[in-house]
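Tertiary structure, described
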Amino acid sequence: MITPPDRTPLPREFFDRPVLEVAPDLLGRILVRTTPDGPIALRLTEVEAYDGAADPGSHAYRGRTARNDVMFGPPGHVYVYFTYGMWFCMNLVCGPEGRASAVLLRAGEVIEGAELARKRRLSARNDKELAKGPARLATALGVDRALNGTDACAPGETPLRILTGTATGSDQVSNGPRTGVAGDGGVHPWRFWVSNDPTVSPYRAHVPRRRRS
DNA sequence: GTACGGATGTTCT
DNA sequence: GAACATCCGTACC
């Protein structure tokens, strides 16, 4: 059960900082998805930073396009993309505006609305797997393209918002290479997670796809 | 427990 | 036409 002051929304200024400051500071924060059936809330346990045009692993690396447009906009908004023909993943845009940096939300612990999340994640064998991985997280929360560009810092009962929660102490934060990122983009240790948390997804190196027959 | 390949369609070259 | 910030079922220790 969430009680104040955990329920205080994070202000936009929180996101108007360099992405490498924001990413580890997001661990332990609470993401609330409001659906017609009720709220689903999770505590963030794993994230990855993507630092705009300078970052070969970022969707913004080759400039502004229709898909990544939200990344170039103001901080505190949600960038949702569709990948591998089946899945959605969600990011929170960080400042300064125009830099096109964002934090990929990779995993979390469902702390409210677990029964709703289970209905969306029928293949999950236990509750730790409900949001263990970026596409699983988006699926558990019912996040799709319709939420691309949503302001997560807006007041009120918005579809998606982010609350202060309890920030994870830096002594409990681990970091390492980003998952599934190809080439030079994989060298940066810009994946951050809560040490020893059972909801963190396993690391997988990038695997080039083989051509279909 | 780890390893592998298929599913699926949007995006960009 | 190829790549893709992934997941899942099956096979095999």
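Scroll up to find the structure.
Given the structure is predicted, the values throughout are model-derived calculations rather than measurements.

Calculation criteria
Residues numbered from 1 in each chain as written. Chains lettered and ligands numbered in written order. Predicted model: local features only at pLDDT ≥ 70, side-chain atom pairs only at ≥ 80, totals over all residues. Heavy atoms only, no water. Near = heavy atom within 4 Å. Polar contact = N/O pair within 3.5 Å; in protein donor to acceptor, adjacent residues only side chain to side chain. Helix = DSSP H or I, 4+ residues; strand = E, 2+ residues; numbered from the N terminus. Nonpolar A, V, L, I, M, F, W, Y, C, P; charged D, E, K, R; others polar. Buried < 20%, exposed > 50% of the residue type's maximum accessible area, 1.4 Å probe, protein only. Contact = heavy atoms within 4.5 Å. Patch = residues over 30% accessible without salt bridge, like charges linked within 9 Å, V, L, I, M, F, W, Y side chains within 5 Å. Areas by Shrake-Rupley, 256 points an atom, 1.4 Å probe, with all protein chains shown as cover. Salt bridge = Lys/Arg side-chain N within 4 Å of Asp/Glu carboxyl O. Disulfide = S-S within 2.5 Å. Phe/Tyr/Trp six-rings, centres within 6.5 Å; stacked < 30°, edge-to-face > 60°. Lys NZ or Arg CZ within 6 Å of the ring centre and 35° of its normal.

This part covers the protein's contact with DNA strand C. Contacts to DNA strand C come from 21 residues, most closely from Y81, N91, R121, S123 and R136. Sugar plus phosphate, as a fraction of atoms of DNA strand C within 4 Å of the protein: 56%. Contact distances for DNA strand C include 2.8 Å between a phosphate oxygen and a side-chain N or O atom of H59. Those elements that provide at least two residues to the surface near DNA strand C are β4 (87–94), β5 (101–112) and α4 (134–141). When its residues are assigned to classes, the surface near DNA strand C shows nine nonpolar, seven polar and five charged.

Now for the environment of Y79. Along the polypeptide, Y79 turns up in strand β3 (residues 78–83). Residue class for Y79 comes out buried when judged on its relative accessible area of 1%. The sequence separation of Y79 and A152 amounts to 73 residues, and the corresponding C-alpha distance is 10 Å. Other than its neighbours up to four places away in sequence, Y79 contacts H59, R67, N68, V70, M71, C89, M90, N91, V93 and N148.

What follows deals with a nonpolar patch on the surface. A cluster of nonpolar residues, Y84, M86 and W87, forms a patch on the protein surface that exposes about 400 Å² of accessible area. Secondary-structure assignment places M86 in the loop between β3 and β4.

Tracing the backbone through its elements, the reader meets R178 in the loop between β7 (173–176) and β8 (191–194). Here the side chain of R178 touches D55 through a polar contact of 2.7 Å, side chain to side chain.

Another aspect to go through is the pattern of salt bridges. Across all of its chains, the model carries 16 salt bridges by this definition. A salt bridge links R43 to D197, with the nearest nitrogen and oxygen atoms 3.3 Å apart. In this pair, R43 sits in strand β2 (residues 38–51) while D197 sits in the segment after β8, placing the two residues 154 residues apart along the sequence. A residue is classified by how much of its surface remains accessible, and R43, at 22% relative accessible area, is partly exposed. Overall, D197 belongs to the buried group, its relative accessible area being 14%.

In the structure shown here, the tally under the stated rule is zero disulfides. Here C89 stays unpaired: no disulfide links it, and the sulfur of C94, its closest cysteine neighbor, is 16 Å away. Not engaged in a disulfide, the cysteine C153 finds its nearest cysteine sulfur in C94; these two sulfurs lie 9.8 Å apart. Judged by relative accessible area, which is 13%, C153 ranks as buried.

So, on to the packing of aromatic side chains. Per the stated rule, a full pass over the model turns up three aromatic pairs. Taking the centre distance of 5.1 Å and the plane angle of 75 degrees together, the rings of F14 and F15 count as edge-to-face. Exposure class is identical for F14 and F15. Each is buried. Consider the rings of F82 and F88, whose centres lie 5.0 Å apart with planes at 55 degrees: the pair is tilted. Of the residues examined, F82 reaches a relative accessible area of 32% and is grouped as partly exposed. Lying over the aromatic face of F14, R17 brings its terminal NZ or CZ to 4.7 Å of the ring centre. Sitting above the plane of the Y50 ring, R178 keeps its charged end 4.5 Å from the centroid.

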